[in-house]
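In case you want the letters, here they are:
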Amino acid sequence: VQLQASGGGLVQTGGSLRLSCTAPRRIFNINAIGWYRQAPGQQRELVAQITRGGNTRYAGSVKGRFTISRDNAKNTIYLQMNNLKTADTGVYYCHAEGDHYSGYEPYWGQGTQVTVSS
């Protein structure tokens, strides 16, 4: 696993968490890197993504509550999650676009559990 994610946990509705994902520089600089999540019984979905140039994209359900950012000096991205809802519960996976070393398959982190209780 080349993407190291951390920061999940248990929080009450309305609370906040911050996820971190660190990647090797080669992967960090490919282009887009971000977060997907998977709730029980559901498909994995994009939560937020940030490009090498700093452009961001969010799922509609998290806009205005989540903020993705990147620290190029640390090869790390962050996902600040505020005003969390029970619907945000799931396993969050760090994701990066692939390159020729991966056969252009994406890179995935090991997943970190986020549980929001009511």
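The notes below deal with the structure included here. Computed from a predicted model, the values in this text were never measured in an experiment.

Some remarks on unusual backbone geometry
And step 1. The backbone phi angle of Asn75 is positive, close to 55°, even though this residue is not glycine.
And step 2. Checked against the element boundaries, Asn75 lands in the loop between β7 (66–71) and β8 (76–81).
And step 3. Take Asn75: its relative accessible area is 12%, and that puts it in the buried class.
And step 4. With a phi close to 50°, Asn83 is a non-glycine residue in the positive phi region.
And step 5. Here Asn83 is to be found in the loop between β8 and β9 (90–96).

Brief notes about the nonpolar core
And step 1. Residues Trp35, Ile77, Leu79, Met81 and Tyr92 are the most contacted members of the largest nonpolar core, which totals 30 residues.
And step 2. Sorting the residues of this core by element identifies β3 (17–22), α1 (25–28), β4 (33–38), β5 (45–50), β7, β8, β9 and β11 (112–117) as the ones contributing at least two each.

What counts as what
- Residues numbered from 1 in each chain as written.
- Predicted model: local features only at pLDDT ≥ 70, side-chain atom pairs only at ≥ 80, totals over all residues.
- Heavy atoms only, no water.
- Helix = DSSP H or I, 4+ residues; strand = E, 2+ residues; numbered from the N terminus.
- Buried < 20%, exposed > 50% of the residue type's maximum accessible area, 1.4 Å probe, protein only.
- Core = buried A, V, L, I, M, F, W, Y, C linked by side-chain atoms within 4.5 Å.

Note that every value here comes from positions in space, so none of it alone points to a role or purpose.
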